[in-house]
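Given next are the chains, with one letter for each unit.
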Amino acid sequence: LQMKILDPQAVRFTKTKTVALNCTLPDGTLIRKVFCVPLFPFSAPGTYISIITRPLGAEPEEVGIIKNLRDFLADQQRLIRDNIDFTHFTPEIEDIKKISIKRGTYECQVLTNRGDRKFYLRNIRENLALKNGGKIIITDVEKCRYQITAADKLPLKAQKELMKILP
């Protein structure tokens, strides 16, 4: 099975009135409502982005792969990044107010770049990932993801709270 790499000079993305993203292939074929899925969202977010479509009642189909987002024109990059941000929302934790444990579940009260949040964690080993450069990805019980880009930049009290869940 060979990857179909999309040519940045020949593929065009357009946004619809409903914020969906359409893709026009080099042969003029219009594919409606595509989704941009980064294959390496944390280690290499701007490379290898799968463009998929989900036909009604059918399995998702891959249209092709964007090898490097930087190869696209600025307006195309913005449309693709907006689609990724919309479908793969990952708030940045800026402060940790409190982490407590209740019946084997951690309750986390945090401040993100999108406001105050409370979420719950189980099985820290499976739902907390330490990435290169000190980035931390946390997946809560509802499968929502949060990130801490630099734990050492958090307030001191927040760093102490974070130590409760770090392996």
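This text follows the structure it describes.
Before going into details, it helps to say that this report is about the structure given with it. Only a predicted model underlies this, so the values are computations on that prediction, with no experimental measurement involved. (Residues numbered from 1 in each chain as written. Predicted model: local features only at pLDDT ≥ 70, side-chain atom pairs only at ≥ 80, totals over all residues. Heavy atoms only, no water.)

Considerations on unusual backbone geometry
Consideration 1: If you check the backbone angles, Lys 33 has positive phi at about 55° while not being a glycine.
Consideration 2: Mapped onto the elements of the fold, Lys 33 is located in strand β3 (residues 30–38).
Consideration 3: The exposure class of Lys 33 is exposed, given its relative accessible area of 54%.
Consideration 4: Look at Arg 103: it is not a glycine, yet its phi comes out positive at around 50°.
Consideration 5: Inspection of the secondary structure assignment puts Arg 103 in the loop between β6 (93–102) and β7 (105–112). (Helix = DSSP H or I, 4+ residues; strand = E, 2+ residues; numbered from the N terminus. Buried < 20%, exposed > 50% of the residue type's maximum accessible area, 1.4 Å probe, protein only.)

Observations regarding the pairing of β7
Consideration 1: Summarising burial for β7: six of the eight residues are buried, a large majority.
Consideration 2: Pairing of β6 with β7 involves eight bridges; the strand directions are antiparallel. Looking at β7, one finds that Lys 102 is bridged to Thr 105.
Consideration 3: Once β6 ends, the chain turns through two residues before running back antiparallel as β7, passing Arg 103 with a positive phi of about 50°.
Consideration 4: Sheet analysis places β7 next to strand β8 (residues 115–121), joined by seven bridges and oriented antiparallel. Of the residues in β8, the one forming a bridge with Thr 112 is Gly 115.
Consideration 5: Counted along the chain from β7 to the antiparallel partner β8, the turn is two residues long. (Pairing = 2+ DSSP bridges.)

Topic: the pattern of salt bridges
Consideration 1: Summed over all chains, the structure comprises three salt bridges.
Consideration 2: Lys 97 serves as the salt-bridge partner of Asp 116, at 2.7 Å between the closest nitrogen and oxygen. Here Asp 116, found in strand β8, pairs with Lys 97, found in strand β6; they are 19 residues apart in sequence, far enough to count as distant.
Consideration 3: For Glu 161, the salt bridge identified is with Lys 164, shortest N-O distance 3.0 Å.
Consideration 4: Given the relative accessible area of 44%, Lys 164 is considered partly exposed. (Salt bridge = Lys/Arg side-chain N within 4 Å of Asp/Glu carboxyl O.)

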